[in-house]
Amino acid sequence: GAGVSQTPSNKVTEKGKYVELRCDPISGHTALYWYRQSLGQGPEFLIYFQGTGAADDSGLPNDRFFAVRPEGSVSTLKIQRTERGDSAVYLCASSFVGNEQFFGPGTRLTVL
Amino acid sequence: AQSVAQPEDQVNVAEGNPLTVKCTYSVSGNPYLFWYVQYPNRGLQFLLKYITGDNLVKGSYGFEAEFNKSQTSFHLKKPSALVSDSALYFCAVVPSGYSTLTFGKGTMLLVSP
């Protein structure tokens, strides 16, 4: 069956630009998560959706980061005024609540 | 706050030998514990989880992990390593009642022929 998909797979942008990263979860999964993985590190939690609402956004580093999930399925992570320090692999995962999370392949963001 | 420690950056083992990848955790209450594997240019793949019950958990690809509450450890094991097991392994914890994973920094497993 189809797994979690993320687009684009790679994104190169210039400092100060706006970017959107998309996540398509596994059909039927009510929970959706965004993580960020820097080189040589484990993934770090950003935000968690239960349905359409953000149940926990405590991992968002600052107000330049925002995410939506308007219909309870696809989610978009939005980053304004990108900085070089935002360069990382952004991972999306989905699950049934309380079960193991299934991860997408990630979007590699490079801010020049 | 919860945390996960993977004390080894890299583990080297010969094919056919047993392997262990270490993980210790710190969390309030009863933890849910997970192991994920990451192959190059691919997403994280779920291997196994401990929620409750038997301390020895069996997972995908012949891997197993032992939950030790007194030592707050959840080491990943396999009786006989394969070259194809070479990958980056992550241990993760979720405090009971929560949903988001806290990961260790990962351990690279290299299995030589």
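Quick note: structure is the one above.
This structure is a prediction, so every number in the text was calculated from the model and none was measured.

### Let's talk about the interface of chain A and chain B
Here comes step 1: The interface is formed by 17 residues belonging to chain A together with 14 residues belonging to chain B.
Here comes step 2: Taking both sides of the interface into account, the surface hidden between chain A and chain B amounts to around 1300 Å²; carbon and sulfur atoms contribute 56%.
Here comes step 3: A per-residue breakdown of the area chain A buries against chain B is headed by Pro43, Glu100 and Phe103 of chain A, which together make up 35% of the total.
Here comes step 4: Remark: the boundary between chain A and chain B carries one salt bridge.
Here comes step 5: Residue Lys49 of chain B pairs with Glu100 of chain A through a salt bridge whose shortest N-O separation is 2.7 Å.
Here comes step 6: The tally of links from chain A across to chain B stands at six residue pairs in polar contact (both at pLDDT 80 or more).
Here comes step 7: Secondary structure elements with two or more residues in the side of chain A that touches chain B: strand 4 (31-37) and strand 5 (44-50) of chain A.
Here comes step 8: Considering every element that reaches the side of chain A that touches chain B, the biggest residue donor is strand 4 of chain A, with three residues.

### Some words on the state of the cysteines
All names here are of chain B.
Here comes step 1: Scanning the entire structure with this criterion turns up two disulfides over all chains.
Here comes step 2: Here Cys23 is linked by a disulfide to Cys91, with a sulfur-sulfur distance of 2.0 Å. Because the torsion about its S-S bond is -65°, the bridge between Cys23 and Cys91 counts as left-handed. Residue Cys23 is found in the loop between strand 3 (19-21) and strand 4 (24-26), and its partner Cys91 is found in strand 10 (residues 87-95); the two are separated by 68 residues along the sequence.
Here comes step 3: We classify Cys23 as buried; its relative accessible area is 0%.

### A closer look at the side chain of Gln45 of chain B
All names here are of chain B.
Here comes step 1: As for its position among the elements, Gln45 is in strand 6 (residues 44-50).
Here comes step 2: In this structure Gln45 comes out as buried when scored by relative accessible area, which is 18%.
Here comes step 3: In contact with Gln45, not counting residues within four places along its chain, are Trp35, Tyr36, Val37, Tyr39 and Tyr61.

Reading the values: the criteria
- Residues numbered from 1 in each chain as written.
- Chains lettered and ligands numbered in written order.
- Predicted model: local features only at pLDDT ≥ 70, side-chain atom pairs only at ≥ 80, totals over all residues.
- Heavy atoms only, no water.
- Contact = heavy atoms within 4.5 Å.
- Buried area = accessible area lost by both parts, 1.4 Å probe.
- Salt bridge = Lys/Arg side-chain N within 4 Å of Asp/Glu carboxyl O.
- Polar contact = N/O pair within 3.5 Å; in protein donor to acceptor, adjacent residues only side chain to side chain.
- Helix = DSSP H or I, 4+ residues; strand = E, 2+ residues; numbered from the N terminus.
- Disulfide = S-S within 2.5 Å.
- Buried < 20%, exposed > 50% of the residue type's maximum accessible area, 1.4 Å probe, protein only.

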